Amino acid sequence: MNLRAIRAIYAFEMARTGRTLLQSIVAPVITTSLYFVVFGAAIGTRIAQIEGVQYGAFIVPGLVMLMLLTQSVSNASFGIFFPRFTGTIYELLSAPVSAFEIVVGYVGAAMTKSTLLALIILATAGFFVPLRIAHPFWMLAFLLLTAATFSLLGFVIGIWADGFEQLQFVPLLLITPLTFLGGTFYSISVLPPAWQTVTLFNPVVYLVSGFRWSFYEVADVNVAVSLAMTGLFLAVCLAAIGWIFKTGYRLKT
Amino acid sequence: MPPIISVSGLSKTYATGLQALKQVDLEIRRGEIFALLGPNGAGKTTLIGIVCGIVTPTGGSVTVGGHDIVREYRASRAMIGLVPQELTTNAFETVWQTVSFTRGLFGKPANPAHVEKVLRELSLWERRKSKIITLSGGMKRRVLIAKALAHEPQVLFLDEPTAGVDVELRQDMWQVIRALRDSGVTIILTTHYIEEAELMADRVGVINKGEIILVEEKAELMRKLGQKRLTLHLAEPLKEVPSKLAPYRLSLSANGRELVYTYDTRAARTGITGLLDDLTAAGIGFKDLHTTQSSLEEIFVDLVGRRR
Ligand SMILES: Nc1ncnc2c1ncn2[C@@H]1O[C@H](COP(=O)(O)OP(=O)(O)O)[C@@H](O)[C@H]1O
Ligand SMILES: [Mg+2]
């Protein structure tokens, strides 16, 4: 195991965040605060409690999840796309590092960033609404599992993407809509039965539901199902990455 | 001593169907400077790419220091430093950071003294805190060399190191390369300038259209390149070269109508005046004469022709 290589990649990626602190941390915090102001304070006062939880508090897990997903994907995809774009990937390919070490370095850094950001946003939410976390362990477990899964997904996207458009495409046109439709701002039980079934094909539903359960013990789907689905997504992403390195897809000619 | 790099039956066909390498065999000796000479598109970068792990070979095998580049990639890659052909650098990192990063990537413990030594040798020390994006092209090339040397490699690949490089850097680079060779590092450089191979290399390999068509000690190659041919168009055809003229090692061609004399332009005496005098004495007249230089190209053609 080339631990020094993992550390070098990880430190490189973290330094990149340090240089773009405003973009990486401040912008998402402001965006999330705006959500609270609009949905929590302005609209929330006119909405009754959902399953015994005040609306402003109800949307917190979903919002944190939204940020966690988009940030994991964009951090990890950019991290590996950039060396491909500039050509500095030659160094990674010619170094005595394994695929596993490369992934741990890049995905580990992306995970760290998005998890930290999620925790910052959670703290920010505490200013706006009363927070209660029933199962802190599970809350953290869902947070880390989801960050890992979507950072891996981001890594795959960063290798697949041919240009910056494609890099933006997935977070913007896939992750954000899926999150909005995945019960971030409502419980899916408010939907007509037919739509509830459709929604169950949206993977984000399981993530948000499980995460919210760790706060308020209310869930759209059974928490065990949430956990199993999260594990499944993780396995799919790992398999995709395994295949990429085995075939050299878009990495080697 | 076993070769430090051993390439056997190596071939590469790109996804486009282009066959960039055809059954290449090559051995690089420990501690030598080897110049891989060949025109654009000959397959030089492809060959280097395979040895370093950037390009996947279609067939054949390579060992570096006895380690197979696929099965024992860690051991083989740890020995190699690569300076790529293109100026591919990070932008926002500093010189110091990027060189230290490479060292870490290659699994070596931090060693500021070594990094400092490399940066000083390449005249980068003053710029160590500069962001790479603020450096000139020549300075960026120096950074790439520094990165390749960061992990103290035993083998250094330089892919067209002097393309678009100013005189000062070229001289600095030769100095660094010679010092590395003296410390036992094996150096493989590619170029399409014969002069460059002549200046630096111990041995020269010529590659053309994916085939290594010649590997030779530099001195021997240069001797061949220094040869010229004098062709005499005779007035009357000859059946054979008169024995008196044997020392000139002449050859007859065009049904005895031409006499060909090969001589070394670098020799103190070419022997031409003596030959002409002796021809007159032997009563052999000629209508015309011309000389041709055996260019590298001719050696290519000759070699390829002889193989078939
Ligand atoms: N990624 C690639 N895909 C398809 N063809 C390639 C690729 N890289 C190089 N080639 C082709 O392979 C041949 C050898 O290229 P290269 O090894 O770069 O030659 P050199 O370095 O000697 O100029 C060229 O014809 C080039 O166009
Ligand atoms: Mg080349």
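Each chain carries its own residue numbering, running from 1 in the direction its sequence is written. Going through the entries in the order they are written, you letter the chains from A and number the ligands from 1. Totals for whole chains, interfaces and linings use every residue, but because this is a predicted model, local features are given only for residues with pLDDT of at least 70 and side-chain atom pairs only at 80 or more, for both listing and counting. Side-chain metrics rest on all non-hydrogen atoms present in the structure, leaving aside hydrogens and water.

Could you give an account of the pattern of salt bridges, naming the residues involved and the relevant values?
A side-chain nitrogen of Lys or Arg and a carboxyl oxygen of Asp or Glu constitute a salt bridge if their distance falls within 4 Å. Evaluation of the coordinates by the stated rule reveals 15 salt bridges over all chains. With a shortest N-O distance of 2.7 Å, Arg16(A) and Glu13(A) are connected by a salt bridge. Pair noted here: Arg16(A) and Glu13(A) are both in helix 1 (residues 3-19), with a separation of 3 residues, about one helical turn. In this structure, Arg181(B) and Asp182(B) form a salt bridge, with 4.0 Å as the shortest nitrogen-oxygen distance. Three exposure classes are used, based on accessible area relative to the maximum for each residue type with a 1.4 Å probe and protein chains only: buried under 20%, partly exposed in between, and exposed over 50%. The exposure class of Arg181(B) is partly exposed, given its relative accessible area of 25%. Here the salt bridges do not stand alone but share partners, grouping Arg181(B), Asp182(B) and Asp202(B) into one network. Secondary structure elements follow DSSP: runs of H or I no shorter than four residues count as helices, runs of E no shorter than two count as strands, and numbering proceeds from the N terminus.

Help me get a handle on the packing of aromatic side chains, residues and values and all.
The geometry of an aromatic ring pair is captured by two quantities: the separation of the ring centres and the angle between the planes. When the centres of two rings from Phe, Tyr and Trp lie within 6.5 Å, Trp using its six-membered ring, the rings pair. Their planes under 30 degrees apart give stacked, over 60 give edge-to-face, and anything left gives tilted. Tallied over the full model, the rule gives 20 aromatic pairs over all chains. Here the aromatic rings of Phe12(A) and Phe101(B) are separated by 5.1 Å at their centres, their planes lie at 45°, and the arrangement is tilted. With Phe12(A) in helix 1 and Phe101(B) in helix 3 (residues 95-105), the pair connects residues from two separate chains. In this pair, the class of Phe12(A) matches that of Phe101(B), namely buried.

Residue-level account of the sheet that holds strand 6 (residues 80-83) of chain B, with values.
Residue and element names in this part refer to chain B. One open sheet holds the 6 strands; their spatial order is 6-7-8-3-9-10, and the pairing between them is mixed. Single-partner strands in this sheet number two, and they are strand 6 and strand 10 (211-217). Neighbour-to-neighbour, the strand axes of the sheet open up by a mean angle of 15°, direction not taken into account. Two strands are said to pair when DSSP picks up at least two bridges between them. Here strand 7 (residues 155-159) runs beside strand 8 (residues 186-191); their pairing, made up of 5 bridges, is parallel. Residue leucine 158 lies in a different strand from strand 8, and its bridge partner there is leucine 189. Here a residue-residue contact requires only that any non-hydrogen atoms of the pair lie within 4.5 Å. The angle between two axes is taken between their N-to-C directions and runs from 0 to 180 degrees, where each axis is a line fitted to C-alpha atoms and a helix contributes only its stretch in contact. Docked against the sheet, helix 5 (residues 137-149) engages strand 6 and strand 7, running at close to 170° with respect to strand 6. Packing of helix 6 (residues 167-182) onto the sheet brings it into contact with strand 3 (33-37), strand 7 and strand 8, and relative to strand 8 it is tilted by some 145°.

For the environment of Val99(B), give the residues involved together with the corresponding values.
All names here are of chain B. When you line up the elements, valine 99 lands in helix 3. Residues valine 99 and alanine 150, spaced 51 residues apart in sequence, show a C-alpha to C-alpha distance of 6.1 Å. If near-sequence neighbours (up to four positions away) are discounted, valine 99 is found in contact with Val115, Leu119, Ala146, Lys147 and Ala150.

Hey, could you go over the coordination of the magnesium ion (ligand 2) for me, with residue numbers and the actual values?
All names here are of chain B. Sites may look incomplete because water is not among the atoms; the donors themselves are N, O and S atoms within 2.8 Å of the metal, or within 3.2 Å for Na, K and Ca. Donor atoms from the polypeptide that bind the magnesium ion (ligand 2) are Thr45 (OG1) and Gln85 (OE1), placed at 1.9 to 2.2 Å. Pair noted here: threonine 45 is in helix 1 (residues 44-52) and glutamine 85 is in the loop between strand 6 and helix 3, with a separation of 40 residues, a long-range link. You can call threonine 45 partly exposed: its relative accessible area is 38%. The class of glutamine 85 is partly exposed, set by a relative accessible area of 28%.

Keep in mind these values describe shape, not function.
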